[in-house]
Amino acid sequence: MNYDDQAGSELIAKLREHVLKPEFAYEHNWEAGDIVFWDNQVTLHSRRPFPADQRRLLKRISLAGSRPF
């Protein structure tokens, strides 16, 4: 299916509105020792600000190969 620029922009706006609904969100309440991971290929993610006096360690791991589905 082909979309002109206007129709494509409208579709993207509708999709963004849909995926940003609160029922699709997970917000983690951090505790010492927690580990959280996600699949960057299929997940939108962000973080809220955290206190400057708290340590945050972030490590990225990339697996070889293609998507499993």
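Residues numbered from 1 in each chain as written. Predicted model: local features only at pLDDT ≥ 70, side-chain atom pairs only at ≥ 80, totals over all residues. Heavy atoms only, no water.

Some points on the overall build of the protein
Broken down by element type, the protein carries one helix and zero strands. If one aligns the C-alpha atoms of the protein with their principal axes, the spans along those axes are about 50 × 30 × 20 Å. Total accessible area on the protein stands at roughly 7,700 Å², and carbon and sulfur atoms take up 54% of it. (Helix = DSSP H or I, 4+ residues; strand = E, 2+ residues; numbered from the N terminus. Areas by Shrake-Rupley, 256 points an atom, 1.4 Å probe, with all protein chains shown as cover.)

Considering the UniProt feature "domain: TauD/TfdA-like" (unreviewed entry) in the protein
As recorded in UniProt, the sites labelled "domain: TauD/TfdA-like" (unreviewed entry) are residues 3-61. Segment residues 3-61 splits into 25% helix and 0% strand. End C-alpha atoms: 36 Å apart. (UniProt positions renumbered as here; feature names shortened; annotations may be inferred.)

Notes on a nonpolar patch on the surface
A contiguous nonpolar patch, built from Met-1, Tyr-3, Leu-11 and Leu-15 and spanning about 470 Å² of accessible area, is present on the exposed surface. In this structure, Tyr-3 sits in the segment before α1 (5-19). (Patch = residues over 30% accessible without salt bridge, like charges linked within 9 Å, V, L, I, M, F, W, Y side chains within 5 Å. Salt bridge = Lys/Arg side-chain N within 4 Å of Asp/Glu carboxyl O.)

A look at the pattern of salt bridges
This structure, assessed with the given rule, holds one salt bridge. With a shortest N-O distance of 3.1 Å, Arg-48 and Glu-27 are connected by a salt bridge. One end of the pair, Arg-48, is in the segment after α1; the other, Glu-27, is in the segment after α1, and 21 residues separate them in sequence. Residue Arg-48 shares its accessibility class with Glu-27, and that shared class is exposed. (Buried < 20%, exposed > 50% of the residue type's maximum accessible area, 1.4 Å probe, protein only.)

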